[in-house]
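# Working through the structure, step by step
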Amino acid sequence: MGTHEEDDNFELDEDVSSASKRSSIADQEQGLLGGGTALLVMVISIWFARNLSHNVTDAVAKASSIQTNDYILDQDWDFDAPPRRREYTWTVRDQVHNPDGVYRPMMLVNDQFPGPLIEVNEGDTIVVHVDNRAVNATSLHWHGIYQNGTPHMDGTVGITQCPIAPGGKFTYEFTILGQSGTYWWHAHQGVQSSDGMHGPMVIHSRAEKSSQTIAYFSDRVLMVADHYHDLSSALLWQYLKPDMENMEPIPDSALLNGRTIRDCDDLPQRHCDNSTTNFGYPTLELASGQSHRLRIINVGAFAEFQVQIDEHELAVIEVDGTAVKPINYHRININPGQRYSVVVNTTVSGADNFWLRARMITRCFKGRSETLKPDVYGVVRYDTASAQMPTSTDWEEKLELECRDMDTTELKPLNAIAAPTTADAFFHFRANFEIGDWRLSRGVFDSSSWRANARSPSVLRTIDGLAEANTSFAPPASLGDGAGTAFINDVAFHKPRELVLQTTGIQTIDILISNFDDGNHPMHLHGYKYFVLAQGHGYPPMKSVLDGITRENIQPLYDSLDLSNPLRRDTASVEGYGWILLRLVADNPGIWAFHCHLSWHTEAGLLMQFLTRSDELAKMGIPEANRALCAAEGVERGMGPQDEDYRDFAE
């Protein structure tokens, strides 16, 4: 297994190397390049590579001080405590770490990977003080949190905030109302989450103990993730280049709670050391004869996983923060951004340690990688089991080959809520990748491909425009007085770069997504949970296949729906060449991202926005601290490359 060192730990292609020569090393290291350009992205990768290769001893010493976490929740937690402010102080730094043995540059919070756990009760106020000491700007998104009344705290660069510039500070503050369960936080600037900027959030319900359908003895978080050996900015530059045709970067490893182990002899081109203490097979020590809750989160950038514990059934009790009636499964399929809580019973006889397996579904990868190790293992031990490796038996049924959501039709929310019987509006969107200027492949909804503006987020423009009674935010005259309307606003927003669905009043909206891409898209909506009404492959049921998709023509689909208690979640997938029908009660004032949670696809533009309750949003103000972010020097640093950056490479 061993260790080895190489002079050059990062492989940059000739385009990257030649472009980097446009600026002096002094300018690179002082961060004096124009922010937001692809050049700066590459410079940072090169800077890290040089510093790592020239300062291996120092890098190893710092990596050994990085804290890993088991995320075991407090068994004495007070679920009945009065609502309180829970404050956290976080420092973001650029660091070098070796989660699987291979050293690579990362962005970490408080010297931890993955990042700190936030654990609160429903009704608590979360306060997070962020000190950004990294070379790039950043932001933090609270995945699945409604942010009712605080849309400016959602953390989405270009939509709800400007980034926190290098050397800058910002405080997030929001109250948790009307939700509980398993969530997570992650950077929403570029693909920084893949560089280490993520961690779990657990919100306890006041009735969590009394409402347990299966009483459990312990409670912990288990995060699965794909892992890359290169900085995400370098990978993003490659991915978005001309002629790449949506060829997503292939991961190198898979991680459980930020850990795994690779054979360094298989990676001679990398600086690798698998003798340090901060990686290896994660071990879950579970008391025998008990039930234990595992909160599984896919925090990765690209890969879907199948998760199992050999010889143990997994009873699903929660999906994306929605408690459900328990159903047993052998394996859980989980896409990026999704969460499943399962209860496992440690009652198997004849052995006391078992493999926990998390396996990528690789069939939907468009490329192949010689360095990919798609499976990651953990060890489940009963009580004081021996340190020997498990000899447990895998399940006999075949592994899933297609990238798509697991069948959740059996999963029914404990708190039964019927979906509204009818919708006020119906919208059909086509999702696909198209080749545009300079032979660039970009993700689109109805030919609109999103691009973030680091200094002018949508929420600031919208609130200011509404406050000034700007007529560009008024509904079209054809919709009458505008009370209770839903429409595509292509007046206030430039539709080719910002597709915005705007509503006034409380509206029930049906959203049908048709996926004309061969890849799976886990669609995450900020600020909400939606009802998942139906999913499928090909086309939905229609009266006539010749008349296309309209609300009237898909009446056979509506006739088949069960609206009595559909699953409510915030991240559901539309499979390759498939479709999904969602029903949303648009009652939360704000402007919210709706995007594919494959990070590469978001950066390629597969994002649109929902501007909901614009009548109420007009009454909200934005704190001066948020506006001040936009005026700071360096907010563009860390943004993905602009299409124009590739002009020369397309010639």
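Looking up the chain in an unreviewed UniProt entry gives the name Multicopper oxidase, with the organism given as Friedmanniomyces endolithicus. The UniProt entry for the chain carries the following text under Sequence similarities (unreviewed entry): "Belongs to the multicopper oxidase family."

Scanning the chain from N- to C-terminus turns up 10 helices and 33 strands. Here the analysis covers contacts within the chain between residues at least 6 apart in sequence; of these, 80% occur between residues at least 24 apart. A total of about 23900 Å² of accessible surface is found on the chain, and carbon and sulfur atoms cover 48% of it.

Take the state of the cysteines next. A complete count under the given rule lists 3 disulfides for this structure. Here C264 connects covalently by a disulfide to C272, the sulfurs 2.0 Å from one another. Classification of the bridge connecting C264 and C272 rests on its S-S torsion, roughly -70 degrees, and on that basis the disulfide is left-handed. The exposure classification of C264 matches that of C272, with both residues buried. The side chain of C364 participates in a disulfide bridge whose partner is C403; the two sulfur atoms lie 1.9 Å from each other.

This brings us to the sheet that holds strand β4 (residues 118-121). The sheet built from 4 strands is open, its strands ordered β4-β9-β8-β6 with mixed pairing. The open sheet has two edge strands with one neighbour each: β4 and β6 (140-143). For this sheet the average axis-to-axis angle between neighbouring strands, irrespective of direction, equals 20 degrees.

For the rest of this paragraph, the subject is helix α6 (residues 458-467). Among the 10 residues of α6, 7 are classified as buried, and the element is accordingly described as predominantly covered. The complete set of buried residues in α6 reads S458, V459, L460, T462, I463, G465 and L466. Buried residues in α6 make contact with β32 (590-596), β33 (607-612), α9 (614-617) and α10 (624-631).

Glancing now at the sheet that holds strand β3 (residues 104-109). Ordered by their spatial adjacency, 4 strands build an open sheet running β3-β2-β5-β7, and the pairing between neighbours is mixed. Either end of the sheet is taken by a strand with one partner, and the two such strands are β3 and β7 (169-175). For this sheet, the mean inter-axis angle between neighbouring strands, taken without regard to orientation, is 20 degrees. As paired strands, strand β2 (residues 85-97) and β3 are joined by 6 bridges and run antiparallel to one another. Looking across to β3, one finds that D94 is bridged to M107.

The buried fraction of β33 amounts to 6 of the 6 residues, a majority that puts the element mostly inside the structure. Side chains L607, Q609 and L611 of β33 all project onto a buried face; the interleaved residues M608, F610 and T612 project onto the opposite face, where all are buried too. Strand direction decides the pairing type here: β32 and β33, joined by 6 bridges, are antiparallel. Bridge pairing links I591 to L611 in β33.

Attention now moves to the side chain of H152. Structurally, H152 can be placed in the loop between β6 and β7. For H152, a relative accessible area of 9% corresponds to the buried category. Not counting residues up to four positions away in its chain, the partners in contact with H152 are T160, G621, I622, P623 and N626.

This part covers the packing of aromatic side chains. Evaluated as defined, the whole model comprises 20 aromatic pairs. For the ring pair F473 and F493, a centre distance of 5.8 Å and an interplane angle of 85 degrees mean the geometry is edge-to-face. On the criterion of sequence distance, the pair formed by F473 in the loop between α6 and β24 (486-488) and F493 in the loop between β24 and β25 (500-503) is long-range, its members being 20 residues apart. Judged by its relative accessible area of 8%, F473 falls in the buried class.

Our next topic: the environment of D570. Mapped onto the secondary structure, D570 falls in the loop between β29 (568-569) and β30 (571-574). D570 gets classed as buried once you look at its relative accessible area, which sits at 0%. Along the chain, D570 and Q338 lie 232 residues apart, while their C-alpha atoms are 8.0 Å from each other. D570 has contacts with H143, G144, D320, G337, R339, M523, H524, L525, Y528, K529 and Y530, leaving out every residue within four places of it along the chain.

We now examine the pattern of salt bridges. Applying the stated criterion across every chain, the model contains 30 salt bridges. With a closest N to O distance of 2.5 Å, R86 and D124 form a salt bridge. Linking R86 in strand β2 with D124 in the loop between β4 and β5 (125-132), this pair joins segments that are 38 residues apart in sequence. Take R86 and D124: they sit in the same class, and that class is buried. A salt bridge links D230 to R270; the nearest nitrogen and oxygen atoms lie 3.1 Å apart. One end of the pair, D230, is in the loop between β10 (218-227) and α5 (232-239); the other, R270, is in the loop between β11 (253-256) and β12 (272-273), and 40 residues separate them in sequence. Pair check on accessibility: D230 and R270 agree, each one buried.

A few words now on the side chain of D405. Tracing the backbone through its elements, the reader meets D405 in the loop between β21 (375-382) and β22 (425-435). Look at D405: it is buried, it has no salt bridge, and the nearest opposite charge is R569 at 4.2 Å. Polar side-chain contacts of D405 include one of 3.2 Å to the side chain of Q535. Side-chain polar atoms of D405 contact the backbone nitrogen of S573, separated by 2.7 Å. Among all residues touching D405, those that are not within four sequence positions of it are N335, Q338, Q535, R569, A572 and S573.

Below, the discussion takes up the pairing of strand β13 (residues 283-286). On a regular strand, one side chain projects to one face of the sheet and the next to the other, so that they alternate. Of the two faces of β13, the one lined by L284 and L286 is fully buried and the one lined by T283 and E285 carries no buried residue. Both β13 and β21 contribute to a ladder of 4 bridges, which runs parallel. Each bridged residue has a counterpart across the sheet, and for T283 the counterpart in β21 is V379.

The subject of this paragraph is the nonpolar core. With 78 residues, the main nonpolar core has F305, V316, F429, F445, I513, F594 and W600 as its most contacted residues. Apart from the residues lying within four places of it in its own chain, the contact partners of F445 are F429, R430, A431, L499, I513, M523, F594, L606, L607 and M608. Residues Y172, W185, L607 and C630 belong to the second largest nonpolar core, which totals 44 residues.

Here we come to unusual backbone geometry. Between F113 and P114 the backbone carries a cis peptide bond, its omega angle lying at -15 degrees. Within the chain, D320 stands out as a residue other than glycine whose phi angle is a positive 50 degrees.

Residue placement: P336 occurs in the loop between β18 (332-334) and β19 (339-345). For the pair formed by P336 and S573, sequence separation is 237 residues and the distance between their alpha carbons is 9.7 Å. Residues within four places of P336 in sequence aside, it is in contact with N298, G300, F302, A303, E304, P522, T571, H597 and L598.

Listed as buried for α10 are N626, L629 and C630. Taken down its axis, α10 places every buried residue within 95 degrees of arc, on the same side. Residues of α10 that are exposed and point over 90 degrees away from its buried face: E624 and A631. Those residues of α10 that are buried are in contact with β7 and α6.

Cut-offs used in this document
- Residues numbered from 1 in each chain as written.
- Predicted model: local features only at pLDDT ≥ 70, side-chain atom pairs only at ≥ 80, totals over all residues.
- Heavy atoms only, no water.
- UniProt positions renumbered as here; feature names shortened; annotations may be inferred.
- Helix = DSSP H or I, 4+ residues; strand = E, 2+ residues; numbered from the N terminus.
- Contact = heavy atoms within 4.5 Å.
- Areas by Shrake-Rupley, 256 points an atom, 1.4 Å probe, with all protein chains shown as cover.
- Disulfide = S-S within 2.5 Å.
- Buried < 20%, exposed > 50% of the residue type's maximum accessible area, 1.4 Å probe, protein only.
- Pairing = 2+ DSSP bridges.
- Axes fitted to C-alpha atoms, helices over the stretch in contact; angles between N-to-C directions.
- Phe/Tyr/Trp six-rings, centres within 6.5 Å; stacked < 30°, edge-to-face > 60°.
- Salt bridge = Lys/Arg side-chain N within 4 Å of Asp/Glu carboxyl O.
- Lys, Arg positive; Asp, Glu negative; His and termini not counted.
- Polar contact = N/O pair within 3.5 Å; in protein donor to acceptor, adjacent residues only side chain to side chain.
- Core = buried A, V, L, I, M, F, W, Y, C linked by side-chain atoms within 4.5 Å.
- Arc of directions from axis to C-beta.

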